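# Structural features, examined
Below, each chain spelled out in residue letters.
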Amino acid sequence: MFRIGVDLGGTKTEVAVIDSAGQTCFSKREPTPRAYDSKIRLIATLVGQAREFTGSDSIPVGIGHPGSLNPATGLMRNANSTELNGHPLNTDIAAAIGQEVRCANDANCFALSEAVDGAGANADSVFGVILGTGVGGGIVVNRQLIAGHGLLGGEWGHTGLPWAQKDEIPGPECKCGLHGCIETWLSGPALTDDHLRRASAFLSPSQIVAAAKEDHPGAIATLDRFHDRLARGLATVINILDPEVIVLGGGLSNMPDIAANVQQRLPKWVFSDQVTTRVVKNHHGDSSGVRGAAWLWPLE
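Scope of this entry: the structure provided in the associated data block. (Residues numbered from 1 in each chain as written. Predicted model: local features only at pLDDT ≥ 70, side-chain atom pairs only at ≥ 80, totals over all residues. Heavy atoms only, no water.)

## Some thoughts on the environment of lysine 213
Here is the rule: Secondary structure follows DSSP: runs of H or I at least 4 residues long count as helices, runs of E at least 2 residues long count as strands, and numbering of each begins at the N terminus. Here's how the labels work: a residue is buried when its accessible area is under 20% of the maximum for its type, exposed when over 50%, partly exposed in between, all with a 1.4 Å probe on protein chains only.
Within the secondary structure layout, lysine 213 lies in helix 6 (residues 205-213). On the basis of relative accessible area, lysine 213 is assigned to the exposed category, the value being 60%.

Encoded structure:
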């Protein structure tokens, strides 16, 4: 039994065929075109190649994408790939490939992948975290994605930073129009901006990590602030959801010891005498998105 997953990213689009054992049997990546119609054509082409590999035209297809579909209108919204917004993505892809598709936000797909057979496998509840160009999340309970009534489940990146300090108020302006969203503190660009504000040096996240390894005090302080803010943000998630496992993903999840550093800080903020939620790094890396898209169709 096969499932086809497609990860529609801002710079690349990937297709994969996953078998019932969770093995990737076929995969291919192509640069993502800018124009909306070109994106649809690329997805149709990649799905066609995946079908050719399986020898069948009736394989279930799942799509991971930025933003979310508004269930009231059927149109895309909140995608950082703004060409998607205002279009009926699932309907257009279904028409292009000639079959029904299931679509979900890319962070939701990440969470589902890690909950099914990744770092959160065998856990009853998983919160998946994306720390990259943006900040997102997904909720999975008993291997079922909890997308929410309005398909906004897991959008913790656009909540305010908890227990904000005086120098964190009102916070940086967010692309959503508000100030101080978690995304403005915990994304890759936010980490660079924070270091620039406090250390007067423009460094990428990887350069900040390298400087900290060389015992540069400004870089060490920047990472300490980042870990503290991440712990505060995730403490609120724990207070509301109490997940068994939190899986960290996105480019910043590759920073050394990030999971351990956050785990150590959680007891200060979680409303409990004991923190039982485990914070772990992802297992499938940047393949989690396409794998989670395939798992939108559960195996019978």
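From this point, the narrative continues.
## Quick word on the sheet that holds strand 7 (residues 101-105)
In plain terms, the rule: Two strands qualify as a pair provided that DSSP identifies no fewer than 2 bridges between them. Structural elements are reduced to axes, namely lines fitted to C-alpha atoms, with helices fitted over the stretch in contact, and the angle between N-to-C directions of any two is expressed from 0 to 180 degrees. Should any heavy atoms of two residues lie within 4.5 Å, those residues are considered in contact.
Read from one edge of the open sheet, 5 strands run 3-2-1-4-7, paired in mixed fashion. Sheet topology places strand 3 (24-31) and strand 7 at the edges, where each strand pairs with a single neighbour. Neighbouring strand axes in the sheet, compared pairwise and without regard to direction, differ in orientation by 15 degrees on average. Against the sheet, helix 1 (residues 36-54) contacts strand 1 (2-8), strand 2 (12-19), strand 3 and strand 4 (61-65), and its axis sits at roughly 155 degrees relative to strand 3.

## Observations regarding the pattern of salt bridges
Filter applied, for reference: Salt bridges are defined as contacts in which a side-chain nitrogen from Lys or Arg sits within 4 Å of a carboxyl oxygen from Asp or Glu.
Tallying each qualifying case throughout the model produces 17 salt bridges. When the shortest N-O distance is used, the salt bridge between lysine 39 and glutamate 83 registers 3.0 Å. Taken together, the residues lysine 39 in helix 1 and glutamate 83 in the loop between strand 6 (76-77) and helix 2 (89-97) connect sequence positions 44 residues apart. Taken as a pair, lysine 39 and glutamate 83 share a single burial class, namely buried. Salt-bridge contacts for arginine 229 lead to glutamate 168; the nearest nitrogen and oxygen are separated by 2.8 Å.

## Examining the pairing of strand 2
A large share of strand 2 lies buried, amounting to 7 of its 8 residues. Where strand 1 and strand 2 come together, 7 bridges link them in antiparallel fashion. Residue pairing for strand 2: aspartate 7 is matched across the bridge by glutamate 14. In this sheet, strand 3 lies alongside strand 2 in antiparallel orientation, the contact comprising 7 bridges. If you follow valine 15 over to strand 3, its bridge partner there is lysine 28.

## Some details on the packing of helix 6 against helix 7 (residues 217-241)
Where we set the bar: These descriptions rest on fixed angle ranges, namely under 35 degrees for roughly parallel, over 145 for roughly antiparallel, 65 to 115 for roughly perpendicular, and the rest for oblique. Crossing handedness: left-handed means the near helix sits turned counterclockwise from the far one by under a right angle, and right-handed means the same turn made clockwise. Each residue receives one of three labels: charged for Asp, Glu, Lys and Arg, nonpolar for Ala, Val, Leu, Ile, Met, Phe, Trp, Tyr, Cys and Pro, and polar for the others, Gly being one of them.
Put simply, helix 6 and helix 7 touch, their axes get as near as 7 Å, and they point 120 degrees apart. On the basis of the axis angle, helix 6 is oblique to helix 7. Every pair of crossing elements has a handedness; the one defined by helix 6 and helix 7 is left-handed. Residues Ile208, Val209, Ala211 and Ala212 of helix 6 form the contact with helix 7, whose participating residues are Ala219, Ile220, Thr222 and Leu223. Of the residues belonging to the contact of helix 6 with helix 7, the class tally is 7 nonpolar, 1 polar and no charged.

## Focus: helix 7
The following threshold applies: Take the residue count of a helix, subtract one, and multiply by 1.5 Å to get its expected span.
Spanning 25 residues, helix 7 covers 36 Å between terminal C-alpha atoms, matching the ideal 36 Å at 1.5 Å per step. The first or second residue beyond helix 7 is aspartate 242, which carries a positive phi of 50 degrees.

## Section: the side chain of arginine 3
Heads up, the condition is: Here a polar contact is recorded for every N or O atom pair within 3.5 Å, except that within protein the pair must consist of a potential hydrogen donor and a potential acceptor, and residues adjacent in sequence are included only if both atoms are side-chain atoms.
Assignment of secondary structure puts arginine 3 in strand 1. In terms of polar contacts, arginine 3 uses its side chain to reach the backbone carbonyl oxygen of tryptophan 297, at 2.9 Å. Here the side chain of arginine 3 touches proline 298 through a polar contact of 3.2 Å, landing on its backbone oxygen.

## Description of the sheet that holds strand 10 (residues 144-145)
In space, the 5 strands of this open sheet follow the order 10-9-8-11-12, with mixed pairing throughout. On the outer flanks of this sheet lie strand 10 and strand 12 (278-281), each paired with one strand and no other. With 2 bridges connecting them, strand 9 (residues 135-141) and strand 10 associate as antiparallel partners. Bridge pairing in strand 10 links valine 140 to leucine 145. Sitting on the sheet, helix 3 (residues 106-117) touches strand 8 (125-131), strand 9, strand 10 and strand 11 (245-249), and the angle it makes with strand 9 is about 45 degrees. Against the sheet, helix 8 (residues 258-265) contacts strand 8, strand 11 and strand 12, and its axis sits at roughly 165 degrees relative to strand 12.

## Examining the nonpolar core
In globular proteins that are soluble, nonpolar side chains generally tend to be buried together. Quick reminder of the rule: Grouping buried Ala, Val, Leu, Ile, Met, Phe, Trp, Tyr and Cys residues that are joined through side-chain atoms within 4.5 Å yields what is termed a nonpolar core.
By size, the foremost hydrophobic cluster in this structure holds 35 residues, and its most contacted members are Trp156, Leu186, Leu230, Leu234 and Leu266. Breaking this core down by element, the ones donating at least two residues are strand 8, strand 9, helix 4 (183-186), helix 6, helix 7, strand 11 and helix 8. Setting aside anything within four residues of it in sequence, one finds leucine 234 in contact with Phe127, Val129, Trp156, Ile246, Leu248, Val262 and Leu266. Listed in part, the 24 residues of the second largest apolar core include Leu69, Ala79, Ile93 and Val101.

Any functional reading would require information that these geometric values do not contain.
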